[in-house]
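The residues making up each chain are set out below.
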Amino acid sequence: MGNKRWPAIIATPEMRSSYDTVIIGGGGHGLATAHYLAKNHGITDVAVLEGSWIGGGNTARNTTIVRSDYLLNASFGLKNFALKLWGELSQELNFNLMYEPRGYVDLAHSDGELEHFTIRANAMRLGGASVEILTGQALQDCVPELDLNSAARFPVAGALFQPAGGVIRHDAVAWGFARKASQAGIHIFQKTPVTKINITKDKVNSVDTPQGRINCRQVFISVAGASNQVASLAGLDLPIHSINVQAFVTEPVKPALKTVVNYNAGLSYISQTAKGEFVLGGASDGYNSFARRGSFARIEDVLARALQMFPFLSRLRLMRHWSGTADISMDGNAIIGQLPIDGLSINCGWGYAGFKATPAVGHQMAELLANNATPDLIKPFTYDRFANGAEIDDAGAGPYPWHH
Ligand SMILES: Cc1cc2nc3c(=O)[nH]c(=O)nc-3n(C[C@H](O)[C@H](O)[C@H](O)COP(=O)(O)OP(=O)(O)OC[C@H]3O[C@@H](n4cnc5c(N)ncnc54)[C@H](O)[C@@H]3O)c2cc1C
């Protein structure tokens, strides 16, 4: 109100010809890594190179859901650690990330699916998470707006409920990490795409950008949907497919839904923002694409399922629609850690599920970059796991990317 001189949130330093560490990609993951390098390891001789603008990738295109309801120790461990960090981050960054642990409700549509959810819930409990299996009136009490009574095509058998799951303001995450890293002395450059990664004798030595060459000791790639293109700059072919994932919001109305609810027969998930809009998303478009454009088929599909859960939504109009390029690996899980080129590491393969892990990835990758040793939580996410048969297959579906 009346303040006409808002200061820039990140500094605009002169680009140096050399940094110890270069991070390619100014999304949440890259910026979180920069923050934890400074905070936990005192390392600030770092440049973050962002091809477009901070948080302009999937970080600010996602549907803001955070949770840790995964079956396998590897995926659960990393996301549950992230939930702990999310709880502390607004204070730590002095930036309101609007973390709202409203509870995440994952609907099962058959007894078999509910059985699988129960196994998952037990595994989560063993890992220290609070989680419940809800059926009947208990589920209705948890989500009063959920239509459990009319004849549905896929009736609801019950749900897995994680109270600590919820939503976080996604672009605030990018800007909160960016501001803190910049204040610590890390250089962040927007509109600076990396066009080449230079390697001599299997060791990284520099990257090229339209603004010039930057010499460096190590390079960390964290570019989500562009992972294959950027890895190919170093001559690597990743087991990653890039696909389009859409989301949309309705016009805003008064508070009508507290929890985040996911419909599993197909896929359709929904939450209501603090502004009152309903945010909806679903499965990917199912074919490789870099289009970042919507398709009516997916909108119809997601809305049909949403209306089964909440028929009152039919009276609302869709207001905005967008999409992002997600990077899917062969087992649907991330690839995090060192690549077979000295000084080159990567974080990719998060598909449409990586926002929730943002601080945990940053925390762990900072440790790897600082100590040149892979910390325990990210050890299973290796690049070579597809070659040695150690896939992290949470869905139990096998390494079939077309399931996505
Ligand atoms: C529609 C949608 C909904 C989603 N919903 C959820 C959700 O509810 N919960 C959840 O956990 N996850 C969700 N996700 C997934 C989540 O958004 C991503 O996994 C996560 O944000 C990835 O973060 P990132 O920092 O790795 O990538 P990004 O935020 O995409 O950042 C990568 C950056 O790299 C930059 N870049 C690319 N190429 C270059 C280059 N050559 N040089 C320099 N920079 C480059 C890009 O411009 C980009 O800014 C969703 C994704 C989509 C698309």
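Residues numbered from 1 in each chain as written. Predicted model: local features only at pLDDT ≥ 70, side-chain atom pairs only at ≥ 80, totals over all residues.

### Some remarks on the overall build of the protein
Across its full length, the protein holds 9 helices and 18 strands. Taken against the 2.2 N^0.38 rule, which gives 22 Å for 404 residues, the C-alpha radius of gyration of the protein at 21 Å falls within 12% of a compact globule. Taken along its principal axes, the extent of the C-alpha atoms in the protein is 65 × 60 × 40 Å. Expressed as a percentage of the 404 residues in the protein, the buried residues total 51%. (Helix = DSSP H or I, 4+ residues; strand = E, 2+ residues; numbered from the N terminus. Rg over C-alpha atoms; globule rule 2.2 N^0.38 Å. Buried ≥ 20, exposed ≤ 12 C-beta atoms within 10 Å, placed from the backbone.)

### Comments concerning the pairing of strand S13 (residues 260–263)
Residues Val260 and Asn262 line one face of S13 and the alternating positions Val261 and Tyr263 line the opposite face, and both faces are buried. From the end of S13 to the start of strand S14 (residues 268–272), which pair antiparallel, there are 4 residues, and Gly266 there has a positive phi angle of about 105°. (Pairing = 2+ DSSP bridges.)

### Re the site of the ligand
Around the ligand, the structure places 40 residues, and the nearest of them are Gly25, Gly27, Gly57, Gly324 and Gly354. Listing elements by their share of the shell around the ligand, those giving two or more residues are helix H1 (28–41), strand S12 (240–250) and strand S16 (318–329). Mapped onto the domain boundaries, the shell around the ligand takes at least three residues apiece from domain 1 (18–62 + 170–239 + 331–403) and domain 2 (101–164 + 242–329). (Near = placed C-beta within 6 Å. Domains from an automatic or database assignment.)

### Some thoughts on helix H5 (residues 170–183)
Helix length check: H5, at 14 residues, gives a terminal C-alpha distance of 20 Å against a target of 20 Å (1.5 Å per residue), a fit within 8%. Of all the 14 residues making up H5, 12 are buried; the element is thus mostly covered by neighbouring parts of the structure. Within the span of H5, buried status applies to His170, Ala172, Val173, Ala174, Trp175, Gly176, Phe177, Ala178, Arg179, Lys180, Ala181 and Ser182. Close packing links the buried residues of H5 with H1, helix H2 (73–93), strand S8 (187–189) and helix H8 (358–371). Positioned one or two residues after H5, Gly185 has a phi angle of 110°, which is positive. (Expected span 1.5 Å × (residues − 1). Contact = placed C-beta atoms within 7 Å.)

### Quick word on the packing of H1 against H8
The contact between H1 and H8 brings their axes to 7 Å, and the two run at 55°. The orientation of H1 relative to H8 falls into the category oblique. The handedness of the crossing between H1 and H8 comes out as right-handed. From H1, Gly28, His29, Ala32, Thr33, His35, Tyr36, Leu37, Asn40 and His41 reach across to H8, where they touch Thr358, Pro359, Val361, Gly362, His363, Met365, Ala366, Leu369 and Ala370. Taken together, the residues of the contact of H1 with H8 sort by class into 9 nonpolar, 9 polar and no charged. (Axes fitted to C-alpha atoms, helices over the stretch in contact; angles between N-to-C directions. Parallel < 35°, antiparallel > 145°, perpendicular 65-115°, else oblique. Left-handed = near helix turned anticlockwise from the far one by under 90°. Nonpolar A, V, L, I, M, F, W, Y, C, P; charged D, E, K, R; others polar.)

### Notes on the packing of H1 against H5
Two numbers describe how H1 lies on H5: the axes approach to 8 Å, and their chain directions differ by 30°. The pairing of H1 with H5 is recorded here as roughly parallel in orientation. Crossing of H1 against H5: the hand is left-handed. Of the residues in H5, those in contact with Gly28, Leu31, Ala32, Ala34, His35 and Ala38 of H1 are Val173, Ala174, Phe177, Ala178, Lys180 and Ala181.

### A word on the nonpolar core
Core analysis: the largest hydrophobic core is formed by 117 residues, its most contacted members being Val22, Ile24, Ala34, Val48, Val219 and Val261. By residue number, the principal contributor to this core is H2, which donates 8 residues. Here this core spans two domains, since at least three of its residues come from each of domain 1 (18–62 + 170–239 + 331–403) and domain 2 (101–164 + 242–329). Setting aside chain neighbours within four positions, we find Val48 in contact with Ile23, Gly26, Gly30, Leu31, Ala34, Ile186, Ile188 and Phe189. (Core = buried A, V, L, I, M, F, W, Y, C linked by C-beta atoms within 7 Å.)

### What about the domain arrangement of the protein?
Domain parsing of the protein yields domain 1 (18–62 + 170–239 + 331–403) and domain 2 (101–164 + 242–329). Computed from C-alpha coordinates alone, the two centres of domain 1 and domain 2 are separated by 29 Å. Tallying the contact residues gives 19 residues for domain 1 and 11 residues for domain 2. Residues that form the side of domain 1 that touches domain 2 fall into these classes: 7 nonpolar, 10 polar and 2 charged.

### Comments concerning the sheet that holds strand S15 (residues 278–282)
The sheet built from 8 strands is open, its strands ordered S5-S6-S4-S13-S14-S15-S12-S16 with mixed pairing. Since the sheet does not close on itself, it has two edges, and those belong to strand S5 (132–134) and S16, each with one partner. Adjacent strand axes in the sheet meet at a mean angle of 20°, parallel and antiparallel pairs treated alike. Each of S12, S13, S14 and S15 touches helix H7 (residues 296–309); the most contacted strand, S15, lies at about 120° to it.

### Regarding the pairing of strand S4 (residues 104–108)
Burial of S4 is extensive: 5 of the 5 residues sit out of reach of the surface. Residues Tyr104, Asp106 and Ala108 of S4 are buried on one face, and the alternating residues Val105 and Leu107, pointing to the opposite face, are buried as well. Inspection of the sheet shows S4 paired to strand S6 (residues 158–162) by 5 bridges, in the antiparallel sense. The residue bridging Leu107 from the neighbouring strand is Ala159, located in S6. Sheet topology note: the S4/S13 ladder contains 4 bridges and is parallel. Each bridged residue has a counterpart across the sheet, and for Asp106 the counterpart in S13 is Asn262.

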